[in-house]
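Each chain is listed here by its residues.
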Amino acid sequence: MTTKTLLLPIILIIGSIITLSSCRSSYRFDTLKPAPYTLPKSVDTILIANCVPSTIWSDTSKFDKKLANDIVNSEKHLPKMLCTMASTTISQDMYLYSKIFTRSISLSNLCELADTICSTNNCDAILALRDLEYKVECDTTIVSNTLNETHFYVEYKAQWCMVFPNGIYKDLDIIADTTAFNDLHLFLKNGEVVMNEYYDNNIVSQVNPMRYAYLASEDIADNLSAQLTPAWETKERTLFYTPCFNFQSSLEAIKNNDWEKARATLYSIYEKDRTRNKIRAALDLSLSFEREDNIKAALIWCFKAQDLIKNNKSTMGEYAKDLSASLEKRLAELKKLDKQMQRK
């Protein structure tokens with residue numbers, strides 16, 4: 001996702017779905033949700049630094065020599081691979097310039113020298129890999145007395161932080177997950193796992209620790225991007241109506257995304273109809289304003305519906321309560337999103 005993409009209207013009509021039921025419809029639409037972390041507007045170029053000391057995380061004693069060596073080799077390359085992947089992600093998803101700091105450095109030294117490093121590398125901030133855990137694991141299932149099945153997976157946990165020229169840093173959320181692979185071993189040693197015979201004979205040549213490290217790096221980089229860039233999420237709301245002509249007219253206008261026409265009809269229902277239909281109209285009006293990103297107006301109409309509802313435990317009462325909470329949250333999010341969208 002690039003900034004150019006994000007400059008589209010905050011709420012975009014993408015596959016709105018109306019599912020009909022008795023006097024209610026489920027209405028879905030996509031909105032932009034702000035990233036958890038907001039970069040300062042002044043940040044245009046980011047330096048990617050590795051603060052993780054070189055180490056081997058996996059217990060390789062349970063693997064044959066060749067496979068163990070491949071795992072060790074992949075883990076030696078993992079931090080550098082991860083920083084490269086992060087640099088690519090930053091450039092593509094955030095539309096920022098990114099560079100890689102070519103030497104390893106501790107976080108304390110990085111913070112101490114941040115101003116000099118930023119000045120020397122002509123960057124505005126440093127994205128540092130401050131912690132990383134990674135290990136290759138396998139599970140073996142005994143299929144029969146003479147047949148075993150082994151699946152490989154990796155577990156990883158990473159944490160990044162943003163370091164600014166003044167030496168102050170801000171931790172981002174920890175990224176932790178497990179990725180399983182379809183690679184599999186078949187052994188024929190009366191249930192005993194003998195790795196080397198099958199690995200050396202290429203029966204399990206598809207086991208590729210470097211590929212595991214690459215895919216883990218890709219996943220960590222994607223999760224990093226999710227902390228720094230707004231993302232689309234689907235909202236679900238409810239339309240309330242009756243079989244009467246006016247509600248059917250507004251419903252047809254909503255299906256055509258003609259919110260102005262829908263509101264004209266709903267205003268009339270709210271002004272002239274009985275209380276229960278006023279509530280329906282007010283809730284539908286709330287949705288119409290939310291779809292146009294006017295969250296304050298959407299809240300006003302939601303509150304009007306709540307004022308008319310006598311039984312807060314009713315379907316509309318529970319819905320209006322949940323809707324007002326969701327809209328208040330969206331209102332706070334839009335302020336944050338606006339800051340992210342105005343970044344230079």
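How each quantity is defined
- Residues numbered from 1 in each chain as written.
- Predicted model: local features only at pLDDT ≥ 70, side-chain atom pairs only at ≥ 80, totals over all residues.
- Heavy atoms only, no water.
- Helix = DSSP H or I, 4+ residues; strand = E, 2+ residues; numbered from the N terminus.
- Contact = heavy atoms within 4.5 Å.
- Areas by Shrake-Rupley, 256 points an atom, 1.4 Å probe, with all protein chains shown as cover.
- pLDDT = per-residue confidence, 0-100.
- Buried < 20%, exposed > 50% of the residue type's maximum accessible area, 1.4 Å probe, protein only.
- Polar contact = N/O pair within 3.5 Å; in protein donor to acceptor, adjacent residues only side chain to side chain.
- Phe/Tyr/Trp six-rings, centres within 6.5 Å; stacked < 30°, edge-to-face > 60°.
- Lys NZ or Arg CZ within 6 Å of the ring centre and 35° of its normal.
- Core = buried A, V, L, I, M, F, W, Y, C linked by side-chain atoms within 4.5 Å.
- Pairing = 2+ DSSP bridges.
- Axes fitted to C-alpha atoms, helices over the stretch in contact; angles between N-to-C directions.
- Parallel < 35°, antiparallel > 145°, perpendicular 65-115°, else oblique.
- Left-handed = near helix turned anticlockwise from the far one by under 90°.
- Nonpolar A, V, L, I, M, F, W, Y, C, P; charged D, E, K, R; others polar.
- Expected span 1.5 Å × (residues − 1).
- Salt bridge = Lys/Arg side-chain N within 4 Å of Asp/Glu carboxyl O.

Notes on the overall build of the chain
Secondary structure summary: the chain contains eleven helices and nine strands in total. Counting only contacts in the chain whose residues sit at least 6 apart along the sequence, the fraction spanning at least 24 positions is 70%. Accessible surface computed for the chain: about 17,400 Å², of which carbon and sulfur atoms make up 49%.

Things to note about the confidence of the model for the chain
Averaged over all residues, the pLDDT of the chain is 84; the fraction at 70 or higher stands at 84%. Here residues 1–22 scores under 50 on pLDDT; set against residues more than four positions off or in separate chains, the count is 59 contacts. Across residues 196–205, where pLDDT falls below 50, the model places 18 contacts with residues more than four positions away in sequence or in other chains.

Remarks on unusual backbone geometry
With phi around 50°, Asn122 is a residue other than glycine that occupies positive phi space. Position of Asn122 relative to the elements: it lies in the loop between helix 4 (114–120) and strand 5 (125–144). Residues other than glycine seldom take positive phi values, yet Asn257 does so here, at roughly 60°. In this fold, Asn257 is placed in the loop between helix 7 (245–255) and helix 8 (259–272). Judged by relative accessible area, which is 29%, Asn257 ranks as partly exposed.

Let's talk about the side chain of Ser98
Structurally, Ser98 can be placed in strand 4 (residues 97–100). Here Ser98 falls in the buried class, since its relative accessible area comes to 17%. Within the local environment of Ser98, its side chain forms a polar contact with the side chain of Ser87, the two groups lying 2.7 Å apart. A polar atom in the side chain of Ser98 sits 2.8 Å from the side chain of Ser91. Excluding residues that lie within four positions of it along the chain, Ser98 makes contacts with Ile46, Ser87, Ile90 and Ser91.

What to know about the packing of aromatic side chains
According to the stated counting rule, one finds eight aromatic pairs in the structure shown. Linked through ring pairs, Tyr27, Phe29 and Trp259 together constitute an aromatic cluster. Looking at Lys304, its charged tip hangs above the ring of Trp301, at a distance of 4.0 Å from the centre.

A short note on the nonpolar core
Of all hydrophobic cores here, the largest spans 43 residues; its most connected members are Ile46, Leu127, Leu132, Tyr134, Trp160 and Met162. Counting residues per element, this core draws most heavily on helix 2 (residues 65–94), which supplies ten residues. Ignoring sequence-local partners within four residues, the contact set of Met162 consists of Tyr37, Leu39, Ile46, Ala125, Ile126, Leu127, Ile168, Tyr169, Lys170 and Leu172. Counting 38 residues, the second largest nonpolar core, distinct from the first, contains Cys302, Ala305, Ile309 and Leu334.

Points about the pairing of strand 2 (residues 24–33)
For strand 2, the tally of buried residues reaches seven of ten residues, placing the bulk of the element in the interior. Two elements, strand 2 and strand 9 (residues 231–240), share ten bridges in a ladder whose sense is antiparallel. Of the residues in strand 9, the one forming a bridge with Arg28 is Glu236.

Details of the packing of helix 2 against helix 6 (residues 209–228)
The contact between helix 2 and helix 6 brings their axes to 7 Å, and the two run at 30°. By the angle between their directions, the pair helix 2 and helix 6 is classed as roughly parallel. When you trace helix 2 past helix 6, the crossing you get is right-handed. By residue class, the composition of the contact of helix 2 with helix 6 is 17 nonpolar, six polar and three charged.

Overview of helix 9 (residues 275–290)
Think of an α-helix as turning once every 3.6 residues; residues three or four places apart then point the same way. End to end, helix 9 covers 23 Å across 16 residues, agreeing with the expected 22 Å (1.5 Å per residue, within 8%). Counting buried positions along helix 9 gives 14 out of 16 residues, so the element sits mostly inside the fold.

A look at the environment of Trp301
By secondary structure assignment, the location of Trp301 is in helix 10 (residues 295–308). For Trp301, a relative accessible area of 9% corresponds to the buried category. Each C-alpha atom, one on Trp301 and one on Ala282, is 5.3 Å from the other, the two residues being 19 residues apart in sequence. With sequence-adjacent residues up to four places away left out, Trp301 is seen in contact with Tyr267, Tyr270, Ala282, Leu285, Ser286 and Phe289.

A word on the packing of helix 9 against helix 10
Two numbers describe how helix 9 lies on helix 10: the axes approach to 7 Å, and their chain directions differ by 165°. On the basis of the axis angle, helix 9 is roughly antiparallel to helix 10. Helix 10 is crossed by helix 9, and the crossing has left-handed handedness. Mapping the contact onto sequence places Thr275, Lys278, Ile279, Ala282, Leu283, Leu285, Ser286, Phe289 and Glu290 in helix 9 and Ile295, Ala297, Ala298, Trp301, Cys302, Ala305 and Leu308 in helix 10. A per-class count over the contact of helix 9 with helix 10 returns twelve nonpolar, two polar and two charged.

As for the pattern of salt bridges
Scanning the entire structure with this criterion turns up nine salt bridges. Notably, a salt bridge pairs Arg330 with Glu290, separated by 3.1 Å at the nearest N-O pair. Here Arg330, found in helix 11 (residues 315–341), pairs with Glu290, found in helix 9; they are 40 residues apart in sequence, far enough to count as distant. As far as the burial class goes, Arg330 and Glu290 line up, both buried.

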